[in-house]
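Structural overview
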Amino acid sequence: MADARRPLRILNVVGARPNFMKIAPLMAAYRAADGIDATLVHTGQHYDETMNRVFFRDLGIPRPDANLGVGSASHAVQTAEVMKAFEPVLQAEKPDRVVVVGDVNSTIACALVAVKLGIPVAHVEAGLRSGDRTMPEEINRLLTDAISDQLFCTEQAGVDNLAAQGVRAGVHLVGNVMVDTLLAHRRRAAASTVLDELGLAPGSYALLTLHRPSNVDRREVLTGLLDAIDAIGRELPLVAPLHPRLRAALAEHGLADRLAASPRLRALPPQGYLDFLKLMSEARVVLTDSGGIQEETTILGVPCLTLRHNTERPVTVELGTNRLVGTQPERIVAAFHDALAKPPTGRTPPLWDGKAAERIVAILAAAR
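Below: a short report on this structure. (Residues numbered from 1 in each chain as written. Predicted model: local features only at pLDDT ≥ 70, side-chain atom pairs only at ≥ 80, totals over all residues. Heavy atoms only, no water.)

**Some remarks on the overall build of the chain**
Helix and strand counts for the chain come out as 17 helices and 13 strands. For the chain, whose C-alpha radius of gyration is 20 Å, the value lies close to the compact-globule estimate of 21 Å for 368 residues. On the principal axes, the C-alpha backbone points of the chain span a range of 65 × 40 × 40 Å. The burial tally for the chain puts 57% of its 368 residues in the buried class. Taking the contacts inside the chain whose residues are at least 6 apart along the sequence as the reference set, 71% of them involve residues at least 24 apart. (Helix = DSSP H or I, 4+ residues; strand = E, 2+ residues; numbered from the N terminus. Rg over C-alpha atoms; globule rule 2.2 N^0.38 Å. Buried < 20%, exposed > 50% of the residue type's maximum accessible area, 1.4 Å probe, protein only. Contact = heavy atoms within 4.5 Å.)

Encoded structure:
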């Protein structure tokens with residue numbers, strides 16, 4: 001138990017691009033709170049400019065107090081390297097609590113080290129489940145939730161999933177920190193000049209992102225997705241910021257030329273947060289396998305076709321503009337036509353109001 005006479009020491013972990021949008025509102029909420037000494041550790045899981053520093057700049061995230069610099073590797077090696085590098089940081093800092101966000105390798109690695117050292121862990125974005133244990137993120141979610149003593153859920157499904165596993169203590173439905181970030185930066189993103197630079201008009205294009213191993217690492221699946229992209233491109237131009245994993249997979253499978261030849265597809269490097277938010281908000285339709293984009297399009301009211309058979313964010317299908325369409329080309333193209341003809345209308349899920357980080361920090365402060 002922390003000494004009430006001194007600041008509550010909270011050490012926060014960030015590692016990969018999806019984490020940055022989740023940690024930004026938390027760091028801002030700590031600064032606005034009394035009696036909290038918050039530090040930030042970056043594991044370096046994503047480390048290049050387009051996947052890292054540009055997000056710190058766009059989102060106003062403070063410079064990390066420590067950067068572990070682990071870089072890329074296999075899941076096992078990367079997780080082990082994070083654990084090895086994180087342990088001495090915890091031993092030196094001696095925080096009262098460690099906060100981890102999301103479901104990347106850094107999340108489970110740092111949570112496990114903290115628990116082994118007797119330091120309580122809080123998991124932001126807890127309880128999400130796809131039901132697909134072939135997804136590395138699903139394993140990270142399950143394990144992180146199992147060893148965390150405070151679990152902050154974005155939607156009721158997360159609370160229900162934890163209850164089904166017998167976890168009820170320390171569970172809080174707080175809303176979505178990703179939405180906090182979107183709402184805080186929406187006006188700045190609206191001023192982005194990225195559409196002018198690309199010669200695009202609002203609503204004149206589809207936006208595409210792909211990075212899931214199940215979609216890009218298997219040649220037959222990726223080839224089918226490219227068939228769907230070709231068909232869609234004949235009707236509406238596509239803009240596609242290419243994830244490094246997709247670029248590597250295209251090269252490995254000998255499909256780089258195939259993508260380049262796709263009609264009216266504009267391949268881009270990964271975009272900064274503000275430019276990508278602008279591209280997403282002005283798209284006619286978004287095609288993606290990203291979890292976070294399912295949430296963001298729900299808030300933006302943009303039709304989203306999720307190129308997966310499952311989602312760990314069911315509220316985006318129940319209330320939002322998201323539709324699961326799988327990976328079969330015919331089904332994707334049919335769903336694309338439906339989205340153009342009858343754009344779905346959605347509602348904002350409960351507590352997705354831009355105040356999730358404030359709720360989390362208040363709960364953390366009260367538990368000292």
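**What about the pairing of strand 6 (residues 150-153)?**
Side chains Gln150 and Phe152 of strand 6 all project onto a buried face; the interleaved residues Leu151 and Cys153 project onto the opposite face, where all are buried too. Two elements, strand 5 (residues 121-124) and strand 6, share three bridges in a ladder whose sense is parallel. Each bridged residue has a counterpart across the sheet, and for Ala122 the counterpart in strand 6 is Gln150. Viewed along the sheet, the connection from strand 5 through helix 5 (residues 136-147) into strand 6 turns out right-handed. One ladder, built from three bridges, connects strand 6 with strand 7 (residues 171-173); its direction is parallel. When the sheet's bridge partners are listed, Phe152 is paired in strand 7 with His172. Remark: the strand 6/helix 6 (residues 156-164)/strand 7 crossover connection has right-handed handedness. (Pairing = 2+ DSSP bridges. Right-handed = clockwise from strand over helix to strand, strands pointing away.)

**What to know about the packing of aromatic side chains**
The way to describe two aromatic rings as a pair is by their centre distance and the angle between their planes. Scanning all chains against the criterion turns up three aromatic pairs. Judged by centre distance (6.0 Å) and plane angle (45°), the ring pair of Phe20 and Phe55 falls under tilted. A residue pair is termed long-range when its members are at least 10 positions apart, and Phe20 in helix 1 (residues 17-32) and Phe55 in helix 2 (residues 49-59) qualify at 35 residues. Given the relative accessible area of 1%, Phe55 is considered buried. Among the aromatic side chains, those forming a connected cluster through ring pairs are Phe20, Phe55, Phe56 and Tyr273. (Phe/Tyr/Trp six-rings, centres within 6.5 Å; stacked < 30°, edge-to-face > 60°.)

**Considerations on the sheet that holds strand 6**
Strand order in this open sheet of seven strands is 3-2-1-4-5-6-7, and the pairing throughout is parallel. Looking along the sheet, the strands with just one partner apiece sit at the ends: strand 3 (66-67) and strand 7.

**Examining the environment of Leu90**
In this structure, Leu90 sits in helix 3 (residues 75-93). Take Leu90: its relative accessible area is 1%, and that puts it in the buried class. Sequence-distant contacts of Leu90, that is, excluding residues within four places in its chain, are made with Leu11, Pro95, Val98, Val113, Ala114, Leu117 and Ile119.

**A short note on helix 6**
Considered for burial, the residues of helix 6 that qualify are Gly158, Val159 and Leu162. The arc that holds the buried residues of helix 6, viewed along the axis, is 100°, so those residues lie on one side. Among the residues trailing helix 6, Gly166 stands out with phi positive, at a value near 85°. (Arc of directions from axis to C-beta.)

**A few points about the pairing of strand 2 (residues 36-42)**
Taking burial as the measure, the seven residues of strand 2 include five buried ones, the bulk of the element. As judged from the seven bridges shared by strand 1 (residues 8-14) and strand 2, these two strands associate in the parallel manner. By the bridge assignment for strand 2, Ile10 is matched with Ala38. In this view, the connection linking strand 1 to its parallel neighbour strand 2 by way of helix 1 has right-handed handedness. Here two bridges tie strand 2 to strand 3, and the two strands are oriented parallel to one another.

**A few points about the pattern of salt bridges**
In the structure shown here, the tally under the stated rule is 24 salt bridges. A salt bridge links Arg258 to Asp227, with the shortest nitrogen-to-oxygen separation between them at 2.6 Å. Pair noted here: Arg258 is in helix 12 (residues 256-260) and Asp227 is in helix 10 (residues 219-233), with a separation of 31 residues, a long-range link. The exposure class assigned to Asp227 is partly exposed, which follows from its relative accessible area of 36%. (Salt bridge = Lys/Arg side-chain N within 4 Å of Asp/Glu carboxyl O.)

**Details of unusual backbone geometry**
Look at Arg264: it is not a glycine, yet its phi comes out positive at around 60°. By the secondary structure assignment, Arg264 is in the loop between helix 12 and strand 10 (265-268). If you check the backbone angles, Leu351 has positive phi at about 70° while not being a glycine. By secondary structure assignment, the location of Leu351 is in the loop between helix 16 (329-341) and helix 17 (356-366).

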